[in-house]
Amino acid sequence: MINSDNLCMSCMKDIGNLKTCPHCGFHSDTPQIEPYLPIRTVLGNRYLVGKLLSYNGDGATYIAWDINEKKPVTIREYLPDALCTRRIGEKEVTVMSGCEMAYTECMSDFVELWRKLTRMSGLSALVNVYDVLEENGTELIVLAGFMCI
């Protein structure tokens, strides 16, 4: 049985008590790039956030671990850097003053897109949306398996 305390937060493989992953070389004391979710944040009482995989103007993508299903997943977080930020070490998103309406409208579009993709699950050309969460003042999309988007 896999213990999530022993997972590498970069590749989600069991590394026991080692500090450096023998599979990918990630060191367990490596901090997350700011202002992204801290490594080992738990979302929805189910998903353990790992290393940031990528980011762009509308959000961030993390590798994560589904604690219930005991398998790796990918999480896409709505985090448009022109409209919001996150204070160092915190989980809550802070919308920049005067950007509240744009943030809310764009977040609605973000969620609508991913909900449409959810309804199309099963098509081999599309990512499979696993879950949608609203937490920390933003939206998070959980995708089945490990992928970088």
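Our subject is the structure that appears above.
Remember, predicted model here, so these are calculated numbers, not experimental data.

Counting its regular elements, the chain contains one helix and eight strands. Listing the helices and strands of the chain from first to last along the sequence gives β-β-β-β-β-β-α-β-β. With the principal axes as the frame, the chain shows a C-alpha extent of 45 × 40 × 25 Å. A burial count over the chain gives 38% of its 149 residues as buried. Nonlocal contacts in the chain, meaning residues at least 24 apart in sequence, comprise 42% of its contacts between residues at least 6 apart. Split by element, the accessible area of the chain, about 8,000 Å² in all, is 53% carbon and sulfur. Considering the chain, the positive charge centre built from 14 side chains and the negative charge centre built from 19 side chains are found 7 Å apart.

For the rest of this paragraph, the subject is the environment of Tyr103. By the element assignment, Tyr103 lies in helix 1 (residues 100-119). In this structure Tyr103 comes out as buried when scored by relative accessible area, which is 3%. With 25 residues separating them along the chain, Tyr103 and Tyr78 place their C-alpha atoms 9.7 Å apart. If sequence neighbours within four positions are ignored, Tyr103 has contacts with Tyr78, Pro80, Leu83, Cys84, Val93, Val95, Gly137 and Thr138. In terms of polar contacts, Tyr103 uses its side chain to reach the side chain of Thr138, at 3.5 Å.

Our focus in this paragraph is the pairing of strand 4 (residues 71-78). Across the eight residues of strand 4, six count as buried, placing the element largely inside the fold. By the bridge criterion, eight bridges tie strand 3 (residues 59-66) to strand 4 in an arrangement that is antiparallel. Its bridge partner being in strand 4, Ile63 is matched across the sheet by Thr74. Turn length for the strand 3-strand 4 hairpin, with the two strands adjacent in sequence and antiparallel, is four residues, and the turn residue Lys70 shows positive phi of about 55°. As judged from the five bridges shared by strand 4 and strand 8 (residues 138-144), these two strands associate in the antiparallel manner. Note that in strand 8 the partner of Ile75 across the bridge is Val142.

Once that is clear, we can look at the packing of aromatic side chains. For the coordinates displayed, the defined rule picks out four aromatic pairs. An aromatic cluster of three or more residues is present, and its members are Tyr78, Tyr103, Phe110 and Trp114.

A full pass over the atoms with the stated rule returns six salt bridges. Among the ionic pairs, Arg76 bridges to Asp58, the shortest N-O distance being 2.5 Å. Pair noted here: Arg76 is in strand 4 and Asp58 is in the loop between strand 2 (47-56) and strand 3, with a separation of 18 residues, a long-range link. Of the residues examined, Arg76 reaches a relative accessible area of 4% and is grouped as buried. Here Glu112 makes a salt bridge to Lys116, at a shortest N to O gap of 3.2 Å. Of this pair, Glu112 and Lys116 both sit in helix 1, four residues apart, which is roughly one turn of that helix. Judged by its relative accessible area of 38%, Lys116 is partly exposed. Here the residues in one salt-bridge network are Arg46, Asp66 and Glu69, joined through shared partners.

How each quantity is defined
Residues numbered from 1 in each chain as written. Predicted model: local features only at pLDDT ≥ 70, side-chain atom pairs only at ≥ 80, totals over all residues. Heavy atoms only, no water. Helix = DSSP H or I, 4+ residues; strand = E, 2+ residues; numbered from the N terminus. Buried < 20%, exposed > 50% of the residue type's maximum accessible area, 1.4 Å probe, protein only. Contact = heavy atoms within 4.5 Å. Areas by Shrake-Rupley, 256 points an atom, 1.4 Å probe, with all protein chains shown as cover. Lys, Arg positive; Asp, Glu negative; His and termini not counted. Charge placed at Lys NZ, Arg CZ, Asp CG, Glu CD. Polar contact = N/O pair within 3.5 Å; in protein donor to acceptor, adjacent residues only side chain to side chain. Pairing = 2+ DSSP bridges. Phe/Tyr/Trp six-rings, centres within 6.5 Å; stacked < 30°, edge-to-face > 60°. Salt bridge = Lys/Arg side-chain N within 4 Å of Asp/Glu carboxyl O.

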